[in-house]
Amino acid sequence: MRFSNREKKFLKNEFGYTEDQISSLSESEMSDLTDKCFEIEEVEAVAADGGDGELSERGEMAADIVTKLTA
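### Focus: the packing of helix 1 (residues 5–15) against helix 4 (residues 57–70)
Direction vectors running N to C along helix 1 and helix 4 enclose 100°, while the axes themselves pass 11 Å from each other. In terms of their interaxial angle, helix 1 and helix 4 are classed as roughly perpendicular. Contacts between helix 1 and helix 4 pair Arg-6, Glu-7, Phe-10, Leu-11 and Glu-14 from the former with Glu-57, Arg-58, Met-61, Ala-62, Asp-64, Ile-65 and Lys-68 from the latter. Split into classes, the residues belonging to the contact of helix 1 with helix 4 amount to five nonpolar, no polar and seven charged.

Put into structure tokens, the structure is as follows:
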């Protein structure tokens, strides 16, 4: 799986993972990473409901990565 430069930066900043490290994660570790990204998406969605209703860039990035990880 390939990540954009922005996604790579997000994964490194949020979780400390490089693209190479992600590609070598076990199924369980990959599931944990997916769950963590989904949690970010959820938190940001709740925050959006209390604000202008738009998902933050962080939330959108997490959602995009969840989509890639579960494809």
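Text resumes after the structure shown.
### Observations concerning the packing of aromatic side chains
For any two aromatic rings, the description comes down to two numbers: the centre-to-centre distance and the angle of the planes. The final tally for this structure, using the stated rule, is one aromatic pair. Centroid distance Phe-10 to Phe-15: 6.3 Å. Interplanar angle 75°. Geometry classified as edge-to-face.

### Remarks on the pattern of salt bridges
One pass over the full model with this rule turns up five salt bridges. The shortest N-O distance in the salt bridge between Glu-57 and Arg-6 comes to 2.9 Å. Residue Glu-57 is located in helix 4, and its partner Arg-6 is located in helix 1; the two are separated by 51 residues in the primary sequence. The exposure class of Glu-57 is exposed, given its relative accessible area of 57%. Between Glu-19 and Lys-8 there is a salt bridge, with the nearest N and O atoms lying 3.2 Å from each other. Linking Glu-19 in helix 2 (residues 19–23) with Lys-8 in helix 1, this pair joins segments that are eleven residues apart in sequence. Judged by its relative accessible area of 27%, Lys-8 is partly exposed. Through salt bridges with shared partners, one network takes in Glu-14, Glu-44 and Arg-58.

What counts as what
Residues numbered from 1 in each chain as written. Predicted model: local features only at pLDDT ≥ 70, side-chain atom pairs only at ≥ 80, totals over all residues. Heavy atoms only, no water. Axes fitted to C-alpha atoms, helices over the stretch in contact; angles between N-to-C directions. Helix = DSSP H or I, 4+ residues; strand = E, 2+ residues; numbered from the N terminus. Parallel < 35°, antiparallel > 145°, perpendicular 65-115°, else oblique. Contact = heavy atoms within 4.5 Å. Nonpolar A, V, L, I, M, F, W, Y, C, P; charged D, E, K, R; others polar. Phe/Tyr/Trp six-rings, centres within 6.5 Å; stacked < 30°, edge-to-face > 60°. Salt bridge = Lys/Arg side-chain N within 4 Å of Asp/Glu carboxyl O. Buried < 20%, exposed > 50% of the residue type's maximum accessible area, 1.4 Å probe, protein only.

Spatial relationships are all this shows, so hold off on functional conclusions.
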